[in-house]
Amino acid sequence: MVLQSLKNCLWLSCILRTPKASFRSTASGGLIIQSVSNDVYQNLAVEDWIHDHMDLEKQQILFLWRNSPAVVIGRHQNPWQECNLRLLRQKNIKLARRRSGGGTVYHDLGNINLTFFTTRKKYQRMENLKLVVKALKALRPQLDVHVTDRYDILLDKEYKISGTAAKLGRTSAYHHCTLLCNADKFVLSSVLKSPYKGLKSNATPSVPALVKNLFEEDPSLTSEMLLDAIAKEYAAQHQIDHHVTLINPADETLLPGISNKTEELQTWEWVYGKTPKFSISTCLNMAYKDSVLDVKVNMDVKHGKIEVCNIDLPEQWLPPGLYGELVKSLTGSKFCPNETTTLVTTLLRVCPQDDELHSRWSLLCENMIMLM
Amino acid sequence: VCIHRVRSCSSIRFIKSKYVCVFDKSALKFSHQQRLFRTSAVSCGQIVQFKLSDIGEGITEVTVKEWYIKEGDSVSQFDSICEVQSDKASVTITSRYDGVIRKLHYSIDEIAFVGKPLVDIEIDASKGVAPEEDVVETPPMSHEEHTHQEIKGHKTLATPAVRRLAMENNIKLSEVVGTGKDNRILKEDILNYLAKQTGAILPPSPKAEIVPPLRKTEAGPAAPKDKARKIPVPVSRPIVFSGKDKTEPVTGFQKAMVKTMSAALKIPHFGYCDEIDLTQLVQLREELKPLAEIRGVKLSFMPFFIKAASLGLLQYPILNASLDENCQNVTYKASHNIGVAMDTEQGLIVPNVKNVQVCSVFDIAVELNRLQSLGSAGQLGTSDLTGGTFTLSNIGTIGGTYAKPVILPPEVAIGALGKIQVLPRFNGKGEVFKAQIMNVSWSADHRIIDGATMARFSNLWKSYLENPASMLLDLK
């Protein structure tokens, strides 16, 4: 694999800017690019950019990328349902929502991502996955890998090593998939397990599967080798030179408008606010003094904000005025621990200065925050 | 098959059709492929049923996941209408027409069928219509040619409305830079092009037209670059600005702030300000910064300000007190939990450092670092944000000299620190020297605190900071 230098970035810049590539160059049928960034938002933004700006009639594109630890949910999924958000925050693992459909995946540097860009008419997931399998078999003929009709790639007919998702626009489309080389399976299984109970929604659910790393099957395999093998096969099938162009997703001159796309992917409104409407019906078990209180909570959350909130507290446990204030403030606010924490602590300033009251308030609020 | 519904008008005129309804017989071999040209009724809007086009891979049904428009909204050709999902693929459906949405055939989470109507759009017939197409397998030639103009070997996308505007103003589309999706030319691009030519903002064309909201504010009249050139006198036309007011409900955190500040307003505030010479402190901090760094801590000025405040509160405990609702009782708080105002994305939050009275300056620095990193990550806990007894606000990091801070109930005092400026001052010998000056603005609850107490506290705090060595005498 020949890695490109700055000179070729200028060449790439020409391709990316000319809407209808009318040049006659060696890269006539396809283009292979690889991101130099491991930031999930920047890489997702590159996908958006190519999808929106590039003309894929004359050439298709293969985009190779890897991310530092991140959980990526599908366009129409519910992050509370799909992963352990508390653990993500603790471990500083990013959460991203991609624009394609499908289920939730965990990315780290031991996982590679492949995106196949074509025109809408040439959208063909099965062919792409067969290409990947062919590349794997060319690299290690003894590998037992095949594509299922759910567009997964299985190892030894049992273990999922790749998941797929796709996005179709008016004129262009992309199909991307993961490939597990040497990801941290322990972190993967712990972050993809949701602790939140009582959620009811029509969001797309993920289908859990047994996974395995290719590295476990053959320790001589590395991510670099896999990337190279896939690039080689793509080049062969598209009759282009086997070389990979590096791109920097932070380069605004190469990809004008990319920083806006990157920013948008990180906004709360996109990551959490695009969650389809859902409801929570659960019971808080609050240990207070010598007893345990069972408090039923019912909430409706739309666009990531609390639409309706009902907390079934024992009578007079909190002064009714204060309970009313709490519910009124929560209604319309984000279903977010940080927003709720600042909200309830600010409200406490205007409560009567009573230690007993304060401790009850704190107990209730901390339990409520745990739901988020 | 598309259903045409021509609304009955009071005066039906005989229309010379420019276009004719045609079924391309050869195309009937492909199940969904039709090429239709619509009759243009001059005075009536036609309702067209926009069908869900093929997704590919033999998929016949999808789930509607999100609508980007609602009934009554105006749409332009190529605007996104909705998002549907099928088997891990998310598909953005875009409009084929300019018009007004009259009916949504599905609600969220319903199954929609390929080939069946998705939305009904009322087309503004005066603008003309793009031919209809259902894209299935690769057709022999691209249907989209009818909406493009071949320009310089590049195809330029522009909706019929935009092309008309260009034509009316004698503009060649090839000379206009398109800023829309796929480089298409938008109405703003034409307007910007025109504004550059005449140096004036143009009003929309007199015919009733759907004006999509502008993505950027219209450019002002271009400054005359070449004064020698004759600037054409613009014809008097009304200046058009299509920005709209945006009203949002006050929710969440903002709501809570409204309550707190309304309560704060009930406290009779008085202010007291002074100037502090931090020359010695600046030097001291320079010396101590590397020591703190070795221990892994960033040392700012705040730990000194906080510790000095706590030493002052030991002498004037009424500033660390709380007045009950009925102003019957004053509670002197034992702990000095000094709040530090922080500016975050959400707005103002005030976490506090607990028990400053038993903390060293270094301990305070460590705790501040912890609170600052949690604050910027949006992960402060309830205990960090409650229990404060006194607050300092370092607004000077952003700017300003004197301020009028608002007391945060249930506290009774607050101090706002301005920025440190280098100013000339006189020393004891009457010489001018370079001094590092910072202003402090205190506010206190005049129901239980009087001016003299505040002044004495401030003087004590000031003396600790102007002569940091004196803090050593009183450190506990």
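Note that the structure is predicted; figures quoted are calculated from it, not measured.

Attention now moves to the UniProt feature "domain: Lipoyl-binding" (unreviewed entry) in chain B. Listed under "domain: Lipoyl-binding" (unreviewed entry) in the UniProt record, and renumbered for this structure, are residues 47-122 of chain B. The annotated region residues 47-122 of chain B carries 0% helix and 55% strand content, and the separation between its end C-alpha atoms amounts to 4 Å.

Let's shift gears to the pairing of strand β5 (residues 80-86) of chain B. Residue and element names in this part refer to chain B. Along β5, six of the seven residues are buried, which leaves the element largely enclosed by surrounding structure. As defined by bridge partners, β5 adjoins strand β6 (residues 89-94) across six bridges and the pair is classed as antiparallel. Residue pairing for β6: Q85 is matched across the bridge by S90.

Residues and elements named next belong to chain A. Segmenting chain A into domains produces domain 1 (29-272) and domain 2 (278-371). In this assembly, 13 residues from domain 1 lie in contact with 14 residues from domain 2. Summed over both sides, the interface of domain 1 with domain 2 buries roughly 1,100 Å², with 60% coming from carbon and sulfur. On the surface where domain 1 and domain 2 come into contact, there are zero salt bridges. Between domain 1 and domain 2 we count three residue pairs in polar contact (both at pLDDT 80 or more) in total. Elements supplying a minimum of two residues to the side of domain 1 that touches domain 2: α4 (85-90), β13 (199-201) and α10 (268-271). Of all the elements, β13 adds the most residues to the side of domain 1 that touches domain 2, at three residues.

The subject of this paragraph is the packing of helix α5 (residues 302-315) of chain B against helix α6 (residues 361-377) of chain B. All names here are of chain B. Where α5 meets α6, the axes come as close as 9 Å, and the angle between the chain directions of the two elements is 125°. As summarised for this structure, α5 and α6 are arranged oblique, according to the angle between their axes. With respect to the hand of their crossing, α5 and α6 are arranged in right-handed fashion. Two secondary-structure elements touch here, α5 through M302, P303, F304, I306 and K307 and α6 through V361, I364, A365 and L368. Here the contact of α5 with α6 is composed, by residue class, of eight nonpolar, no polar and one charged.

Residue and element names in this part refer to chain B. Tallied over the full model, the rule gives 16 aromatic pairs over all chains. Arranged with centres 6.0 Å apart and planes meeting at 50°, the rings of F305 and W461 form a pair that is tilted. In this pair, F305 is assigned in helix α5 and W461 in helix α8 (residues 451-466), connecting sequence segments 156 residues apart. A residue is classified by how much of its surface remains accessible, and F305, at 1% relative accessible area, is buried. The exposure class of W461 is buried, given its relative accessible area of 0%. Aromatic ring contacts, followed pair by pair, group F301, F305, F390, W442, F457 and W461 into a single cluster. Cation over ring: R285 sits above F301, and NZ or CZ is 4.6 Å from the ring centre.

Conventions used here
Per chain, residues are indexed from 1 in the order of the written sequence. To label them, take the chains in the order written and letter them from A, then take the ligands in the order written and number them from 1. For a predicted model such as this one, the threshold for reporting local features is a pLDDT of at least 70, and the threshold for listing and counting side-chain atom pairs is 80 or more; totals across whole chains, interfaces and linings nevertheless cover every residue. Side-chain metrics rest on all non-hydrogen atoms present in the structure, leaving aside hydrogens and water. UniProt positions are given in the numbering used here, feature names are shortened, and annotations may be inferred rather than shown by experiment. A run of H or I in DSSP becomes a helix once it reaches four residues, and a run of E becomes a strand once it reaches two; helices and strands are each numbered from the N terminus. When accessible area is computed with a 1.4 Å probe and restricted to protein chains, residues below 20% of their type maximum are described as buried, those above 50% as exposed, and intermediate ones as partly exposed. Each pair of strands is called paired provided DSSP finds at least two bridges between the two strands. Per the annotation, domain bounds derive from an automatic or database assignment of domains. Whether two residues touch is decided by their heavy atoms; if any such pair falls within 4.5 Å, the residues are in contact. What gets called buried area is simply the loss in accessible area from a 1.4 Å probe that two parts show on being joined, summed for both. Salt bridge, as used here: a side-chain nitrogen of Lys or Arg that lies within 4 Å of a carboxyl oxygen of Asp or Glu. Counting of polar contacts relies on pairs of N or O atoms within 3.5 Å, with two restrictions inside protein: one atom must be capable of donating a hydrogen and the other of accepting it, and residues adjacent in sequence are counted only when both atoms are side-chain atoms. Orientation is described by axes fitted as lines to C-alpha atoms, over the contacting stretch for helices, and by angles from 0 to 180 degrees between their N-to-C directions. Reported orientations rely on four angle classes, namely roughly parallel under 35 degrees, roughly antiparallel over 145, roughly perpendicular from 65 to 115, and oblique for the rest. Helix crossings fall into two classes, left-handed where the near helix is turned counterclockwise from the far one by less than a right angle and right-handed where it is turned clockwise. The nonpolar class holds Ala, Val, Leu, Ile, Met, Phe, Trp, Tyr, Cys and Pro. Asp, Glu, Lys and Arg form the charged class, and all remaining residues, Gly among them, are polar. Geometry of aromatic contacts follows a simple scheme: Phe, Tyr and Trp rings, the Trp one being its six-membered ring, pair when their centres are within 6.5 Å, and the pair is stacked under 30 degrees between planes, edge-to-face over 60, tilted otherwise. Working rule: Lys NZ or Arg CZ, within 6 Å of ring centre, within 35 degrees of ring normal, means a charge sits over the ring.

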